[in-house]
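Structural features, examined
Chain by chain, the residues:
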Amino acid sequence: MISRYNSSLRKLILMQENIQATKDHCAFCYQTLDAKLRGQKLPEFPKELKDHKVPIFVTWLLNGDLRGCIGTFEPEKLSKLLGKYSLISALNDDRFDPI
């Protein structure tokens, strides 16, 4: 189900201190969405990732076109925000149908 969207997540923007999203951050977003769509338990934030306190926006693209982008300017720990905003961006961006 999620495999057709594997190329859609292009950016995860973490805005503070030039923190860059990694492949592991993006993988966590995919895993979270995949679990949600399959009705499974959502994954926990990976312990190997640093739990920065940052504003965050999760952007999904499909074939290079914007598919969803939701976030917050209010700094919070990634463990609290990343899964939450990956789902909101994919499923609740009012500009698009849910994935």
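**Observations concerning the overall build of the protein**
Looking only at helices and strands, the protein has two helices and three strands in total. Secondary structure of the protein in N-to-C order comes out as β-α-β-β-α. Residue pairs at least 24 apart in sequence account for 61% of intrachain contacts in the protein once pairs closer than 6 positions are excluded. Total accessible area on the protein is roughly 6,000 Å²; 48% of this is exposed by carbon and sulfur atoms.

**Things to note about unusual backbone geometry**
Residue asparagine 63 is not a glycine yet carries a positive backbone phi of 55°. Tracing the chain through its elements places asparagine 63 in the loop between β2 (53-62) and β3 (65-77).

**Quick word on the confidence of the model for the protein**
For the protein, per-residue confidence averages 84 on the pLDDT scale, and 82% of positions sit at 70 or higher. By mean pLDDT, the top-scoring element of the protein is helix α2 (residues 78-91) (96), and the lowest-scoring one is strand β1 (residues 9-14) (45).

**What about helix α1 (residues 23-38)?**
With 16 residues, α1 extends 22 Å between its outermost C-alpha atoms, agreeing within 8% with the 22 Å of an ideal straight helix rising 1.5 Å per residue. What α1 keeps buried is the set His25, Cys26, Phe28, Cys29, Tyr30, Thr32, Leu33, Asp34 and Ala35. Glycine 39 occupies a position one or two residues after α1 and carries a positive phi of about 70°.

**What about the environment of lysine 77?**
Following the sequence through the fold, lysine 77 ends up in strand β3. With 27 residues separating them along the chain, lysine 77 and lysine 50 place their C-alpha atoms 9.4 Å apart. Contacts of lysine 77, omitting those with residues within four sequence positions, involve Asp51, His52 and Lys53.

**Structural notes on the packing of α1 against α2**
Contact pair α1 / α2: the axes reach a minimum separation of 9 Å and the direction vectors enclose 60°. As judged from the angle between their axes, α1 and α2 are oblique. As α1 packs across α2, the resulting crossing turns out to be right-handed. Mapping the contact onto sequence places His25, Phe28, Cys29, Thr32, Leu33, Lys36 and Leu37 in α1 and Leu78, Leu82, Gly83, Ser86, Leu87, Ala90 and Leu91 in α2.

Calculation criteria
Residues numbered from 1 in each chain as written. Predicted model: local features only at pLDDT ≥ 70, side-chain atom pairs only at ≥ 80, totals over all residues. Heavy atoms only, no water. Helix = DSSP H or I, 4+ residues; strand = E, 2+ residues; numbered from the N terminus. Contact = heavy atoms within 4.5 Å. Areas by Shrake-Rupley, 256 points an atom, 1.4 Å probe, with all protein chains shown as cover. pLDDT = per-residue confidence, 0-100. Expected span 1.5 Å × (residues − 1). Buried < 20%, exposed > 50% of the residue type's maximum accessible area, 1.4 Å probe, protein only. Axes fitted to C-alpha atoms, helices over the stretch in contact; angles between N-to-C directions. Parallel < 35°, antiparallel > 145°, perpendicular 65-115°, else oblique. Left-handed = near helix turned anticlockwise from the far one by under 90°.

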